[in-house]
Amino acid sequence: MKILTAEFVRSCLKPEQFPREPLREVALVGRSNVGKSSLLNSLLHRRGLAKVSRTPGKTRAVNFFLVTTDDPQVRRFYLVDLPGYGYAKAPKSVRISWGPLIERYLADRPQLRGVFQLVDARRIEPQDRDTFQWLLGTAGTPVLVATKVDKLSRTQRSTSLAAMREIFGAAARLGPIPYSSITHEGREELWAAIRTMLVASSGERLEARGER
Ligand code: GTP
Ligand code: MG
């Protein structure tokens, strides 16, 4: 499969701004600074398409990226970059508006076909488990991605992946998929997961309405 185009479409601070067309979507969820925007750039082979920062709290809106590929079953879809959770230093006004916006997006979006939950391979926080549990009951079972694996030694890596398997247990849909936005390890596996999410039968409703 070849990526034909990848472009930033819209940054939304309110649900009313979310795109209306019946295009299937896949979203990236995770703690602030876990590497969501970096992973999006890595997946799409486009440096700097989504803004990345060393400081947590960089992404503050729900950002929609339109992707087109040469795969007949995955011709057009949105990849959605979300603000991170767990960023305590954000101004209170911003913090209060973040949660509801993201929750609303994840719980109410009919176009949403799948969610990747990114967890820093070096550190699993209670909030990661809470979010995982919450997603199970709303957006559906997320696919777990262990990020920044380039920072781990081989031993640390197997310990971390084993810990993730134990913590998230049998409820996890797959994985966790080890990922590095530096070496791009995991990219093929993630694309395979995206394809599965998008072609799942629940997508047929939208396709019947002329999306493909
Ligand atoms: P928010 O938008 O604040 O929620 O953060 P984010 O999850 O989008 O993280 P972002 O992609 O902005 O990355 C945060 C920091 O982690 C940046 O300094 C990145 O360069 C770094 N980073 C992201 N992915 C990787 C990775 O796979 N390996 C390494 N070594 N660093 C990474
Ligand atoms: Mg970001």
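Before reading on, note that the structure itself is shown above.
Basis of the calculations
Residues numbered from 1 in each chain as written. Chains lettered and ligands numbered in written order. Predicted model: local features only at pLDDT ≥ 70, side-chain atom pairs only at ≥ 80, totals over all residues. Heavy atoms only, no water. Helix = DSSP H or I, 4+ residues; strand = E, 2+ residues; numbered from the N terminus. Buried < 20%, exposed > 50% of the residue type's maximum accessible area, 1.4 Å probe, protein only. Contact = heavy atoms within 4.5 Å. Areas by Shrake-Rupley, 256 points an atom, 1.4 Å probe, with all protein chains shown as cover. Near = heavy atom within 4 Å. Polar contact = N/O pair within 3.5 Å; in protein donor to acceptor, adjacent residues only side chain to side chain. Nonpolar A, V, L, I, M, F, W, Y, C, P; charged D, E, K, R; others polar.

Draft legend 1. Structural view of the overall build of the protein chain. Along its length, the protein chain carries 6 helices and 7 strands. Ordering the α and β elements of the protein chain from the N terminus gives β-β-α-β-β-α-β-α-β-α-β-α-α. Relative to its 212 residues, the protein chain shows a buried fraction of 48%. For the protein chain, restricting intrachain contacts to residue pairs at least 6 apart in sequence, the fraction spanning at least 24 positions comes to 74%. In the structure as shown, the protein chain presents an accessible area of about 10500 Å², 49% of it carried by carbon and sulfur atoms.

Draft legend 2. Spotlight on the environment of Lys 148. Looking at where Lys 148 falls in the secondary structure, it is placed in the loop between strand 6 (143–147) and helix 4 (154–168). Here the alpha-carbon distance between Lys 148 and Asp 120, two residues 28 residues apart in the chain, equals 6.5 Å.

Draft legend 3. How the structure looks around the site of ligand 1. As a structural note, the neighbourhood of ligand 1 is formed by 22 residues, with Lys 36, Ser 38, Gly 57, Asp 150 and Ser 181 the closest of them. Val 34 places a polar main-chain atom, nitrogen or oxygen, 3.3 Å from an oxygen atom of ligand 1. A distance of 2.7 Å separates a nitrogen atom of ligand 1 from a polar side-chain atom of Asp 150. When the free accessible area of ligand 1 is taken as 660 Å², the share hidden by the protein chains comes to 89%. Residues of the shell around ligand 1, tallied by class, amount to 4 nonpolar, 11 polar and 7 charged.

Draft legend 4. A look at the environment of Ser 181. Positionally, Ser 181 belongs in the loop between strand 7 (177–178) and helix 5 (187–199). Residue Ser 181 is classed as partly exposed on the basis of its relative accessible area, which comes to 24%. Expressed as a C-alpha distance, the spacing of Ser 181 and Asn 41, which sit 140 residues apart in the sequence, is 8.0 Å. Not counting chain neighbours up to four residues away, the residues in contact with Ser 181 comprise Gly 35, Ser 38, Leu 39 and Ser 42. A distance of 3.4 Å separates a polar atom in the side chain of Ser 181 from the backbone nitrogen of Leu 39.

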